[in-house]
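The chain contents come next:
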Amino acid sequence: MASELEPEVQAIDRSLLECSAEEIAGKWLQATDLTREVYQHLAHYVPKIYCRGPNPFPQKEDMLAQHVLLGPMEWYLCGEDPAFGFPKLEQANKPSHLCGRVFKVGEPTYSCRDCAVDPTCVLCMECFLGSIHRDHRYRMTTSGGGGFCDCGDTEAWKEGPYCQKHELNTSEIEEEEDPLVHLSEDVIARTYNIFAIMFRYAVEILTWEKESELPADLEMVEKSDTYYCMLFNDEVHTYEQVIYTLQKAVNCTQKEAIGFATTVDRDGRRSVRYGDFQYCEQAKSVIVRNTSRQTKPLKVQVMHSSIVAHQNFGLKLLSWLGSIIGYSDGLRRILCQVGLQEGPDGENSSLVDRLMLSDSKLWKGARSVYHQLFMSSLLMDLKYKKLFAVRFAKNYERLQSDYVTDDHDREFSVADLSVQIFTVPSLARMLITEENLMSIIIKTFMDHLRHRDAHGRFQFERYTALQAFKFRRVQSLILDLKYVLISKPTEWSDELRQKFLEGFDAFLELLKCMQGMDPITRQVGQHIEMEPEWEAAFTLQMKLTHVISMMQDWCASDEKVLIEAYKKCLAVLMQCHGGYTDGEQPITLSICGHSVETIRYCVSQEKVSIHLPVSRLLAGLHVLLSKSEVAYKFPELLPLSELSPPMLIEHPLRCLVLCAQVHAGMWRRNGFSLVNQIYYYHNVKCRREMFDKDIVMLQTGVSMMDPNHFLMIMLSRFELYQIFSTPDYGKRFSSEITHKDVVQQNNTLIEEMLYLIIMLVGERFSPGVGQVNATEEIKREIIHQLSIKPMAHSELVKSLPEDENKETGMESVIEAVAHFKKPGLTGRGMYELKPECAKEFNLYFYHFSRAEQSKAEEAQRKLKRQNREDTALPPPVLPPFCPLFASLVNILQSDVMLCIMGTILQWAVEHNGYAWSESMLQRVLHLIGMALQEEKQHLENVTEEHVVTFTFTQKISKPGEAPKNSPSILAMLETLQNAPYLEVHKDMIRWILKTFNAVKKMRESSPTSPVAETEGTIMEESSRDKDKAERKRKAEIARLRREKIMAQMSEMQRHFIDENKELFQQTLELDASTSAVLDNSPVVSDMTLTALGPTQTQVPEQRQFVTCILCQEEQEVKVESRAMVLAAFVQRSTVLSKNRSKFIQDPEKYDPLFMHPDLSCGTHTSSCGHIMHAHCWQRYFDSVQAKEQRRQQRLRLHTSYDVENGEFLCPLCECLSNTVIPLLLPPRNIFNKLNFSEQPNLTQWIRTISQQIKALQFLRKEESTPNNASTKNSENKDELQLPEGFRPDFHPKNPYSESIKEMLTTFGTATYKVGLKVHPNEEDPRVPIMCWGSCAYTIQSIERILSDEDKPLFGPLPCRLDDCLRSLTRFAAAHWTVASLSVVQGHFCKLFASLVPNDSHEELPCILDIDMFHLLVGLVLAFPALQCQDFSGISLGTGDLHIFHLVTMAHIIQILLTSCTEENGMDQENPTCEEESAVLALYKTLHQYTGSALKEIPSGWHLWRSVRAGIMPFLKCSALFFHYLNGVPSPPDIQVPGTSHFEHLCNYLSLPNNLICLFQENSEIMNSLIESWCHNSEVKRYLEGERDVIRYPRESNKLINLPEDYSSLINQASNFSCPKSGGDKSRAPTLCLVCGSLLCSQSYCCQTELEGEDVGACTAHTYSCGSGVGIFLRVRECQVLFLAGKTKGCFYSPPYLDDYGETDQGLRRGNPLHLCKERFKKIQKLWHQHSVTEEIGHAQEANQTLVGIDWQHL
Ligand SMILES: [Zn+2]
Ligand SMILES: [Zn+2]
Ligand SMILES: [Zn+2]
Ligand SMILES: [Zn+2]
Ligand SMILES: [Zn+2]
Ligand SMILES: [Zn+2]
Ligand SMILES: [Zn+2]
């Protein structure tokens, strides 16, 4: 259908192009009814431009629209050519000082933690960099799209509201200057006209709901039967469902379906079919039918094409308006005016209202276009922002209700604009006072939460999925409330007070619905059947936490408000729990002569709820009152008289008792939901408005009650009253052995109750409770966190409560309490507690979890032992209470308390069975300690007129009264001091007695007064103890010293291992596999060592014994014995590549014989160095394979290794491997037997070899031609002169054992298979080439690593590398014995011919295109195949030497030809040395052979330098190669780092120091060879500048340079758009660290097909860039990604750290991140070492979830 319509479209174009914008505008200027005129124009042209076929042509449409539709409007508006008109407007404009840049998805935004009024105030990158905040503490986030830059908004910033760009000249600030004054009357009038018409048109058409009928004034005369089947987005159906459905419904390919689905998801709608009505209707019904099965069907409409056309133009128009108002603030103001003008229908009829109110009916694309327009117009104009805010508030309820029922995410709803309006403090306050916004928000919220129980409380018990969905959406209203409250008023007007208190009332109503919700009853007998729903209630509580805190902050800022709010809160609490509820019976309790009335209530039997927000709000307000000035000056004004303390404490106490009972195991049958609730109750996210406030409420209660009464009520609620009120109950209790569980339970409850008393007295660090400030509170939190262990910054932040601005206040105090320790290469920076802060440690700190408490106790005791102090952890000195709470301390000396203490001490003294516990005693000791500290402080601060009423010391000295007649507490303590079973607590008891004495001394102010009796006994006792103690102390010291030494040693050892990880691994490996390469450097005296040639240093044969890691059997490595193998991993590599665009196109036809110097695709081999018997390995591998097959069948799981591809993990170290290398002796020694004749020189040798080659080639031809004429054959044979001693029919015997031969084939085939990515074929002639190539490539890559790290060539190499290179080289040298002799000979001939030309090889690469080291390795390793048939007496060594010399010379020529010929001004003044003149002569020869195409260079100095530098890598590689090949030890000089060792290398390699001598010595043959090399056509092309070459030395590849500041990467990525979906932002931009490409990862749009599978952009990229291995940075996540192949990958820690030495994977914390060079180097090193795959393997083994990720889709 599309093709039929195509020509028509073309035809219409022409008629449209004839339109003249100027003329049309002229006509409009004359028009009487402009609206009609314009509408007619639109009605006529819009359908001719838009929607002409099934697919949109955006560019053509835009072009035509500009020409025919928008152009006239611009002409009309300007009254002249807009090309002149707009610039004029722009010039006259006084731009606003607001930046207002609207953020793209993924764009970095910055918020200043010091100056932003709230965290929603953000800057764009440009403004940020130009602002003062870049030097402040800031946070960086990536925008989710929407929202704009707040630069220039004075209300958003406490300081520095303008960046440099938006800085205004202060003289220019004229309040609210009307921007219209800069426009002429005419322009104003015309703009008004055209804006009014166009804006109305756009609103009308976008909100149009009919599907086949246009508004009357746009209806066309003749209407075609062309419709669209329009598919709309929803958030219910998945991508896959949509794609599947579309394929069925409109018969499209999967690719097209993906395209449709992507657009629907992005724009909110997309036509999926174009045609007549019937045709579209049919598709619609299929889609609806197919998607209605799950939930509701996908939304589909069949729309007439002209409607879609007008709607498309409507959108275009809105964007156009947005850009036009950018020219002038005056135009913007006119648009605002037009938009907000009330329409004919009165209220809510302005265009802006109409758009907002139909928001939820619009599709996504339309919404975001008009939201953007609102942001750039209404929100940028200060006057209209206010008016718009009012409209928004008036419509608030409607908009929110629409949003709640709409299914789009909040960012696509107009409701989301609330953040832009409510966070502006002046607007928020205006809306509160004028529109009663607070009440509206809260009431709207309540309206949407309708599930209530009989008492009117919220009930989430059985709410449906739909309700849950709604509940989630309603929560955004709480966020709005938070925005409104986020900036506290500095001044209160009466109106504000009134409206705030009205809002507060509404808020109390809300809390009232929560008070007591989700009540629970203890389950006895059976376990509960179904876990009750609890999350919804807690979610609500959590979301409200900050709001509750902010409400309190508001109240705190005005005393009148505070007192009013307090009264209101109290009244509501009374309503909730008026009197004592539910007819609970009153009872009377009495202990020690005190008695109190209370009710009978058991937490363990009746309903109890954790949710008490009203009580807790009251507690919060009480603390604020206590802090206020009134409390100090006029306490009588406080509304305290109405309080009934027992009522206040009742419910919080029940809640705390519930926690204690849960801990005592009494609620086990209530399941996990209760455990979770208790957890959250104490959790840092909730505790501030839950647990903490319950403690405060109890403190409030105690401070207003007789402490004895309080304690009795508490005992009763803990269900412990019986135990303490009945004398000798304990004894009876302990004898009831049958109820062991009950005893245990009661013990725990007693412990918990004591703990609660400790908290009530000790927790006075909230300002208002104690006389402290907020800083001291946060300091204390940090001290206690760090008492557990040193912590990283983020860990600490997580353990501290955040305020509504996400601040913990930690930075301001951390320096005072902790030292920072920087991180190393791994790990994080850590904070350690300063030692002087340890004295503030409180073992019973109320925010410790039980686990934390015991960890902290252990850590602190250990610390004390290390400092050789006693291990008592006495309570710290506490700050005084505020006056309102002051009487609280009396609880410590109350009679009931003393009775409880006495009873427990008595149990401890009696020490009978299990009726008491050490923890109980420990807590009592702590309480006594607290009381003593308290008394001490009272005495210290006593003033003349006051009597110290706190007389704890006196009370505990007195014995118990009748009828108990128990000894005094003090006496019992003295007894316990010597109890052998209380060893741990001895130090604490001693501390108590010491403090007791000190206090007593203070009390007896007169020094002459007689020493009290008690004191005497203590002194006596302590002296009695003295000897014993002294002995003990000494023993202890000795023990500590031992411990310390041990600790030091193990610390040192660990340190050592960390530092020398590699070395340590080596030793481990040595231990394990005893790779006893019996010292490969035997003592060689001063003589020079030569690695090759006839004069090669002869090394005595060494025997080598190795142990198999699998069977532990030892075996000697011998030619004829069973094969020993090393686990090895072969992989393709582009690490050294100089040309990443090149890769093997067709592996089946690829000829790897010559490696190009760009090293574009190599084969790398590595090994962990672990040795096995070949047969042991075989057995192991078979079992792995079998196991894997079973496992896959069973679990369908991936593993970290791919068994089908021959992969396995080394059985010892779990290193990923895919083959094995056999272990061999130096193979040359086996063949290098013939060495008797005079050895030929290079010229002679080349001739001989050439003859041999010729003979071979002749014979080869013979073989290949059919045997038709034997006569002719013999004839030819005569022609052939066989060189002397050459016996081409000789076939040497293979010396290796069968098993070794088999392994040679195995490894050879593996290299071939992996290197070329082909199916294994051991017969393929390319197998030996791949083996040599891998040997050469691996050596080259190791040479690079050593050079880059400035390490000596033969320095201490890690054992595994050494083993690997040795085995690899020897293997490659021996491989020819298992290959076909003629094949290897053939390779040799061809390689040889590349340097010494002969007739039969023509298409060989020129010497510029050959990597000489690969050539050398190939020639040397193939040579034996020729030499073995040569019986003339030429030795292998001679051949090696000549080959080496020949290749070296070729390389020198290569370097000279390619050396950078730029003139070097630094001519040496010294007389030229021998080398320089020689190289200059050689260069002249070259110059001559190249026909003077080579540039002339007068200085030999420069040339010689280039040669020396260029050839070094080659020489180093060669030295490594011959060292491993022949086993000649390396000269000691090269083993140390330092100078380049050029001379030493030359000596070792049997080269003259003046390399040019090689040419001079062999000038006869070399001249002709050089000439032949230079005459190559490629060389000519290069010299003529027609092609490029690789130059030497090749530089090492590095990973790309990363910016220091991470945000510039984010910015770069936010500008990156998906290359496939036309300018769309990529969701997961990912940076290749190897080549710097940005990719659109993890997204359907950029999937491509690779080997028949759809893969993501990253995987596809690894195949071209890294031969299957990739290193990426996921920019949005700040995460390094390693990929290998399609199935393997892992995440790796990024090289970016914040100031606290931590990474931020996922960018959750938003601290500024900076590049850590060392960590980046570490990643680069992994890459250079080819360890990425291995790293992935280890990561996957360590974390199995990594295995399940579909890496290929990234
Ligand atoms: Zn900005
Ligand atoms: Zn700015
Ligand atoms: Zn700042
Ligand atoms: Zn074995
Ligand atoms: Zn291993
Ligand atoms: Zn893409
Ligand atoms: Zn790349």
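Preceding block: the structure.
Residues numbered from 1 in each chain as written. Chains lettered and ligands numbered in written order. Predicted model: local features only at pLDDT ≥ 70, side-chain atom pairs only at ≥ 80, totals over all residues. Heavy atoms only, no water.

1. Re the overall build of the protein
Using the following cut-off: Every helix listed is a DSSP run of H or I at least four residues long, and every strand listed is a run of E at least two residues long, numbered separately from the N terminus. A simple rule labels every residue: compare its accessible area, found with a 1.4 Å probe on the protein chains alone, to the largest value its type can have, and call it buried under 20%, exposed over 50%, or partly exposed in between. Should any heavy atoms of two residues lie within 4.5 Å, those residues are considered in contact. Using the Shrake-Rupley algorithm and a 1.4 Å probe, accessible areas are obtained, with residue cover drawn only from the displayed protein chains.
Tallying secondary structure elements over the protein gives 64 helices and 25 strands in all. A buried classification covers 57% of the 1754 residues belonging to the protein. Contacts in the protein between residues far apart in sequence, at least 24 positions, make up 76% of those at least 6 positions apart. Roughly 76600 Å² of accessible area belongs to the protein as shown, and the carbon and sulfur atoms make up 50% of that amount.

2. Structural notes on the packing of helix H7 (residues 185-206) against helix H11 (residues 305-324)
When two helices pack together, you describe them by how their axes are tilted relative to each other and by the distance separating the axes. Heads up, the rule is: Lines fitted to C-alpha atoms define the axes, with helix axes restricted to the stretch in contact, and inter-axis angles between N-to-C directions lie between 0 and 180 degrees. Convention used here: angles under 35 degrees read as roughly parallel, angles over 145 as roughly antiparallel, angles from 65 to 115 as roughly perpendicular, and any remaining angle as oblique. Helix crossings get a hand from a simple test, with the near helix turned counterclockwise from the far one by less than a right angle marking a left-handed crossing and a clockwise turn marking a right-handed one.
With their axes 9 Å apart at the nearest point, H7 and H11 run at an angle of 140° to one another. Here H7 lies oblique to H11, going by the angle between them. Seen along the crossing, H7 lies across H11 with a hand that is left-handed. Side by side, H7 and H11 meet where Phe-195, Met-198, Phe-199, Tyr-201, Ala-202, Ile-205 and Leu-206 of the first sit next to His-310, Gln-311, Phe-313, Gly-314, Leu-315, Leu-317, Leu-318, Leu-321 and Ile-324 of the second.

3. Digging into the packing of helix H54 (residues 1474-1489) against helix H55 (residues 1500-1526)
Spelled out, the test is: Three residue categories are used. Nonpolar comprises Ala, Val, Leu, Ile, Met, Phe, Trp, Tyr, Cys and Pro, charged comprises Asp, Glu, Lys and Arg, and polar comprises the others, including Gly.
In contact at an axis separation of 8 Å, H54 and H55 are set at 90° when each is read in the N-to-C sense. What the angle tells us is that H54 and H55 run roughly perpendicular. Of the residues in H55, those touching H54 at Glu-1475, Glu-1476, Val-1479, Leu-1480 and Tyr-1483 are Gly-1500, Trp-1501, Leu-1503, Trp-1504 and Val-1507. In terms of residue class, the contact of H54 with H55 is made up of seven nonpolar, one polar and two charged.

4. Topic: the coordination of the zinc ion (ligand 5)
Defined as follows: Counted as donors are N, O and S atoms no farther than 2.8 Å from the metal, or 3.2 Å for Na, K and Ca; water is not among the atoms, and sites may therefore look incomplete. Only two sets of limits are used to name each site, 85 to 135 degrees for every angle of a tetrahedral four-donor site, and over 155 degrees for opposite donors with all other angles from 65 to 115 for a square planar four-donor or octahedral six-donor site, with any other site named irregular.
Around the zinc ion (ligand 5), the protein supplies Cys-1168 (SG), His-1170 (ND1), Cys-1210 (SG) and Cys-1213 (SG) as donor atoms, at distances of 1.9 to 2.3 Å. For the zinc ion (ligand 5), the four donor atoms are set out with angles of 103 to 115° between them, so the coordination reads as tetrahedral. Each donor residue of the zinc ion (ligand 5) belongs to the same chain, with the gaps between them written as C-x1-H-x39-C-x2-C. A relative accessible area of 1% means that Cys-1210 is categorised as buried. Given the relative accessible area of 28%, Cys-1213 is considered partly exposed.

5. Considering the side chain of Gln-1340
For clarity, the cut-off: In protein, a polar contact requires one atom able to donate a hydrogen and another able to accept it; more generally it is a pair of N or O atoms within 3.5 Å, and residues adjacent in sequence count only if both atoms are side-chain atoms.
Structurally, Gln-1340 can be placed in helix H49 (residues 1326-1348). Separated by 3.4 Å, the side chains of Gln-1340 and His-1414 make a polar contact. Beyond its immediate sequence surroundings of up to four residues, Gln-1340 is in contact with Leu-1136, Leu-1159, Asp-1411, Phe-1413, His-1414, Cys-1517 and Arg-1594.

6. Side note on the coordination of the zinc ion (ligand 1)
Around a metal, the ideal angle is 109.5 degrees if four donors adopt a tetrahedral arrangement and 90 or 180 degrees if six donors adopt an octahedral arrangement. Coordination of the zinc ion (ligand 1) by the protein is provided by Cys-99 (SG), Cys-124 (SG), Cys-127 (SG) and Cys-149 (SG), with metal-donor distances spanning 2.2 to 2.4 Å. If you look at the zinc ion (ligand 1), its four donor atoms make angles of 96 to 126° with each other, and the shape they trace is tetrahedral. Sequence spacing of the donor residues for the zinc ion (ligand 1), all on one chain, is C-x24-C-x2-C-x21-C.

7. Quick word on the sheet that holds strand E16 (residues 1219-1222)
For clarity, the cut-off: When DSSP finds two or more bridges between two strands, those strands count as paired.
Pairing is antiparallel across the open sheet formed by three strands, whose spatial order is E13-E12-E16. Strands at the two margins of the open sheet, each flanked by one partner only, are strand E13 (1162-1173) and E16. Going from strand to strand, the sheet's axes swing by 40° on average, the running direction of each strand aside. Note: strand E12 (residues 1124-1133) against E13, nine bridges, orientation antiparallel. When the sheet's bridge partners are listed, Val-1130 is paired in E13 with Thr-1165.

8. Topic: the packing of aromatic side chains
Both the distance between ring centres and the angle between the ring planes are used here to describe each pair of aromatic rings. Formally: Aromatic pairs are defined between Phe, Tyr and Trp rings, using the six-membered ring for Trp, whenever the two ring centres lie within 6.5 Å; interplanar angles under 30 degrees are classed as stacked, those over 60 as edge-to-face, and all others as tilted. Only when the NZ atom of a Lys or the CZ atom of an Arg is both within 6 Å of the ring centre and within 35 degrees of the ring normal do we say a charge sits over the ring.
Within this structure, the stated rule accounts for 54 aromatic pairs. Here the aromatic rings of Trp-1177 and Phe-1208 are separated by 5.8 Å at their centres, their planes lie at 50°, and the arrangement is tilted. Taken together, the positions of Trp-1177 in helix H44 (residues 1174-1195) and Phe-1208 in strand E14 (residues 1208-1209) put the pair 31 residues apart, joining distant regions of the chain. Like Phe-1208, Trp-1177 is buried. Feature note: the residues Tyr-370, Phe-374, Phe-388, Phe-392, Tyr-396 and Phe-422 constitute an aromatic cluster, connected by ring pairs. Across the ring face of Phe-57, the terminal group of Lys-60 is positioned such that the distance to the ring centre comes to 4.8 Å.

9. A few points about the pairing of strand E4 (residues 269-275)
Counting buried residues along E4, seven of its seven residues qualify, which places the element largely inside the surrounding structure. Two strands pair when backbone bridges link them, and strand E3 (residues 227-232) and E4 are joined in this way by six bridges, in the antiparallel orientation. Counted as the bridge partner of Met-230 is Ser-271 from E4.

10. Details of the pattern of salt bridges
To keep it simple, the criterion reads: Only one rule defines a salt bridge in this text: a Lys or Arg side-chain nitrogen within 4 Å of an Asp or Glu carboxyl oxygen.
Throughout the structure, instances matching the rule amount to 75 salt bridges. Of the charged contacts, one joins Lys-567 and Glu-564 as a salt bridge, the two residues approaching to 3.9 Å between their closest N and O atoms. Here Lys-567 pairs with Glu-564, and both are found in helix H23 (residues 559-576), just three residues apart, close to one helical turn. For Lys-567, a relative accessible area of 37% corresponds to the partly exposed category. We classify Glu-564 as partly exposed; its relative accessible area is 35%. Between Arg-764 and Glu-934 there is a salt bridge, with the nearest N and O atoms lying 2.9 Å from each other. Here Glu-934 lies in helix H38 (residues 918-940) and Arg-764 lies in the loop between helix H32 (740-762) and helix H33 (774-788), a separation of 170 residues in the sequence. The same class applies to Arg-764 as to Glu-934, namely buried.

11. Regarding the side chain of Asp-480
Along the chain, Asp-480 falls in helix H20 (residues 465-485). Judged by relative accessible area, which is 0%, Asp-480 ranks as buried.

12. Side note on the nonpolar core
Spelled out, the test is: Here, the term nonpolar core denotes a set of buried Ala, Val, Leu, Ile, Met, Phe, Trp, Tyr and Cys residues that are joined through side-chain atoms within 4.5 Å.
Ranked by size, the top nonpolar core spans 285 residues in total, and within it Phe-195, Phe-313, Phe-388 and Phe-500 carry the most contacts. Those residues in contact with Phe-500, other than ones at most four positions away along the chain, are Met-438, Leu-485, Trp-492, Met-551, Trp-554, Cys-555 and Val-561. With 160 residues, the next largest nonpolar core counts Ala-1123, Ile-1329, Leu-1391 and Leu-1426 among its residues.

13. Here's the deal with the sheet that holds E3
Taken in spatial order, the three strands of this open sheet run E4-E3-E5, and their pairing is antiparallel. The open sheet has two edge strands, E4 and strand E5 (300-304), and neither has a second partner. On average, each strand axis in the sheet is tilted by 30° relative to the strand beside it, whichever way the strands run. Each of E3, E4 and E5 touches helix H10 (residues 277-291); the most contacted strand, E4, lies at about 135° to it. Across the face of the sheet, H11 comes into contact with E3, E4 and E5 while running at roughly 95° to E5.

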